[in-house]
Amino acid sequence: MLKGFLRHKSIQPLTPPSPTLRASNMTSQEQNDWQPELTDEQILAFEQKIKDEEAEKIPLVCQKESIDALEKEFQDNKPFLEKVQKLKETNDELRKCRGDGNCFFRAFAFAWFESLMRNPHIFKAGVEKLKSTTELLLSGGFQELAFEDFYDVTLNQLEQIPDSDPDLLLVNFQTEEISNSIVMHLRFVTSAYLKIHSAEYEPFLIVESISIDQFCAQEVEAFGRESDHLQITALTKALDVPVEVLYLDGSSGDHVAVHEFWPDEASKGSRKALQLIYRPGHYDILYRKE
Amino acid sequence: MYDSKGSGSTALKRLMTEYRELTLNAPEGIMAGPVSEDNFFEWEALITGPEGTPFEGGIFPATLKFPRDYPLSPPVMKFTCDFFHPNVYQDGTVCISILHAPGDDPNMYESSSERWSPVQSVEKILLSVVSMLAEPNDESGANIDACKIWRSQRERYNDIVRANTRKTLGL
């Protein structure tokens, strides 16, 4: 199930409605004519049902909560629990995101926007960086038609930050259309960066034996596909935003592996990286002790 | 419930842009637009049968139904005329890889085949359908009879399709 490092499957496969239920009260003529396929309305309704069921479990981005939540989650799992207890020395809070396959992009986006809200001195550079992504997307071969709506929403949200507050930011990230547009824009930015730097990144795909273009079409540009090392590397470089992924796993010892993604090694130490916590299946946002 | 359906305003904006582009410069042999100005989520399309195929000369009507979260999810396309083709269900629903997101694999498409993502568009779907008419993919069939006949009795397949083609012209 875990095809690669830092990959997860968040939606359980569901079985479509049973065809036998329908067939039982039909005449023999109807049964002959009847095809065991779902109609388009049924498919759409079924997909919507899955989304609704996911949505009822947890908002797209949640309120901050104490890291004790992780302790509770892993109370019966010693290797994880030891790491969480160690983690409490440096971190005190986390913010969960919905497990819909977009959690890396959504967690990254929220943590980035939040950091720009908390640090006005880097806000302007963030806006400039985001504005530069249209050029990146065009160089990456994207049609304006495909990205303009997602870009507009993302820029609009980012530009509101100086006049906004943390509660409004959270509400916006919980609003499907806004939140998903931002996720999509970051997916396109990641894809464009990988395509432009394909010579550098294609060697990582040797095992899968697919090209960067195929990888981007299947794993990056499609909404709901999970993220792996390559996506994180590309996005942090494209937006010049450092990220640390703290990796909880079942290995022995209380050491939490930290995977650092620095856009350039030289700037390391001069600024703080966003922190995400990964546990098999999911990314959430992590907060340092103040 | 956390606003799971959304208002569809992003979808509406995108569909209006696509409609405008298609009106200004539609590729040859393709026409598409909303059924009514009041509902941009349901389109009608007309596809001209490509030359050198038994579909040649025909004009095939179809509908496209868009989900509220378009273009994150693909539309559903359905021919509204008699249509005999390995990749079209008997009820007219088109089943090709571009209409399915990666991971959504009702017909075991090859992993390299083109999939749905928001970089695709109505225009790209319709162009894929035109090439599907010329080159059926019997590896991922939707109409098993059409697959069999296309594979082993090509003349009979051509006759059935030509008969449907004439019907679309009201002959």
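Residues numbered from 1 in each chain as written. Chains lettered and ligands numbered in written order. Predicted model: local features only at pLDDT ≥ 70, side-chain atom pairs only at ≥ 80, totals over all residues. Heavy atoms only, no water.

The name given to chain B in an unreviewed UniProt entry is E2 ubiquitin-conjugating enzyme, with the source organism recorded as Umbelopsis ramanniana AG. Under the heading Catalytic activity (unreviewed entry), UniProt records this for chain B: "S-ubiquitinyl-[E1 ubiquitin-activating enzyme]-L-cysteine + [E2 ubiquitin-conjugating enzyme]-L-cysteine = [E1 ubiquitin-activating enzyme]-L-cysteine + S-ubiquitinyl-[E2 ubiquitin-conjugating enzyme]-L-cysteine." (UniProt positions renumbered as here; feature names shortened; annotations may be inferred.)

Named according to an unreviewed UniProt entry, chain A is ubiquitinyl hydrolase 1 originating from Umbelopsis ramanniana AG. Here chain A is described in UniProt, under the heading Catalytic activity (unreviewed entry), as follows: "Thiol-dependent hydrolysis of ester, thioester, amide, peptide and isopeptide bonds formed by the C-terminal Gly of ubiquitin (a 76-residue protein attached to proteins as an intracellular targeting signal)."

Colleague: Can you walk me through the overall build of chain A in this structure?
Modeller: When its secondary structure is counted, chain A shows 14 helices and six strands. Looking at the 290 residues of chain A, the share that counts as buried comes to 51%. Counting contacts in chain A only where the partners sit at least 6 residues apart, residues at least 24 apart contribute 75% of the total. (Helix = DSSP H or I, 4+ residues; strand = E, 2+ residues; numbered from the N terminus. Buried < 20%, exposed > 50% of the residue type's maximum accessible area, 1.4 Å probe, protein only. Contact = heavy atoms within 4.5 Å.)

Colleague: Before we go on, may I ask you to explain the nonpolar core in this structure?
Modeller: Soluble globular proteins tend to bury their nonpolar side chains together. Grouped together as the largest cluster of nonpolar side chains are 66 residues, with contacts concentrated most on Phe108, Trp112, Leu158, Phe188 and Leu194 of chain A. Counting residues per element, this core draws most heavily on helix α6 (residues 103–118) of chain A, which supplies twelve residues. With residues near it in sequence (within four places) discarded, Phe108 of chain A still touches Leu186, Leu235, Thr236, Leu239, Val241, Val243, Leu274 and Leu276 of chain A. In this structure, Ala11, Phe83, Leu99 and Met132 of chain B belong to the second largest nonpolar core, which totals 38 residues. (Core = buried A, V, L, I, M, F, W, Y, C linked by side-chain atoms within 4.5 Å.)

Colleague: Where do I start with the sheet that holds strand β1 (residues 30–36) of chain B in this structure?
Modeller: For sheets, the rule is that strands pair by backbone hydrogen bonds, running either parallel or antiparallel. All names here are of chain B. Sheet architecture is open: four strands sit in the order β1-β2-β3-β4, paired in antiparallel fashion. In this open sheet, the two strands that pair with only one neighbour each are β1 and β4 (76–79). Each adjacent strand pair in this sheet contributes to an overall mean axis angle of 25°, direction not counted. Pairing analysis gives four bridges linking strand β3 (residues 59–65) to β4, with the strands arranged antiparallel. Bridge pairing in β4 places Thr63 opposite Lys78. The strands touched by helix α1 (residues 9–24) are β1 and β2 (39–48); relative to β2, the strand with the most contacts, the crossing angle is about 30°. (Pairing = 2+ DSSP bridges. Axes fitted to C-alpha atoms, helices over the stretch in contact; angles between N-to-C directions.)

Colleague: Hey, could you run me through the state of the cysteines in this one?
Modeller: A disulfide bridge is the covalent bond that connects two cysteines by way of their sulfur atoms. This model, assessed by the stated rule, comprises zero disulfides over all chains. The closest cysteine sulfur to the non-disulfide-bonded Cys103 of chain A is located on Cys97 of chain A, 7.2 Å from its own sulfur. Exposure remark for Cys103 of chain A: the relative accessible area of 0% places this residue in the buried category. Left without a disulfide partner, Cys95 of chain B is nearest to the cysteine sulfur of Cys147 of chain B, which lies 10 Å away. (Disulfide = S-S within 2.5 Å.)

Colleague: Looking at this model, I keep getting lost on the environment of Leu72 of chain B. Mind explaining?
Modeller: Mapping Leu72 of chain B onto the fold places it in the loop between β3 and β4. The exposure class assigned to Leu72 of chain B is buried, which follows from its relative accessible area of 10%. In this structure the C-alpha to C-alpha distance between Leu72 of chain B and Phe60 of chain B, which are twelve residues apart in sequence, comes to 27 Å. Excluding anything up to four places from it in sequence, Leu72 of chain B contacts Phe150, Asn180, Met184 and Phe223 of chain A together with Trp116 and Pro118 of chain B.

Colleague: Got a minute to help me understand helix α7 (residues 120–131) of chain A in this structure?
Modeller: Each full turn of the α-helix corresponds to 3.6 residues, which orients residues three or four apart in the same direction. Residues and elements named next belong to chain A. Taking 1.5 Å of rise per residue, the twelve residues of α7 would be expected to cover 16 Å, and the 17 Å separating its terminal C-alpha atoms lies within 8% of that figure. Every buried residue of α7 is listed here: Phe123, Gly126, Val127 and Leu130. Looking straight down α7, one finds its buried side chains confined to an arc of 100°; they lie on one side. Of the exposed residues in α7, those oriented more than 90 degrees away from the buried face are His121, Lys124 and Ala125. Elements that come into contact with the buried residues of α7 comprise α6, α8 (133–139), α9 (144–159) and α11 (176–196). (Expected span 1.5 Å × (residues − 1). Arc of directions from axis to C-beta.)

Colleague: I keep staring at the UniProt feature "domain: OTU" (unreviewed entry) in chain A and nothing clicks. Help me out?
Modeller: When the UniProt feature table is mapped onto this chain, "domain: OTU" (unreviewed entry) is found at residues 92–289 of chain A. Helix makes up 53% of residues 92–289 of chain A and strand makes up 15%, while its end C-alpha atoms are separated by 5 Å.

Colleague: Looking at this model, I keep getting lost on the UniProt feature "active site" (unreviewed entry) in chain B. Mind explaining?
Modeller: All names here are of chain B. According to UniProt, the feature "active site" (unreviewed entry) maps to Cys95 in the numbering used here. Tracing the sequence through the fold places Cys95 in the loop between β4 and α2 (122–134). What makes Cys95 buried here is its relative accessible area of 3%.

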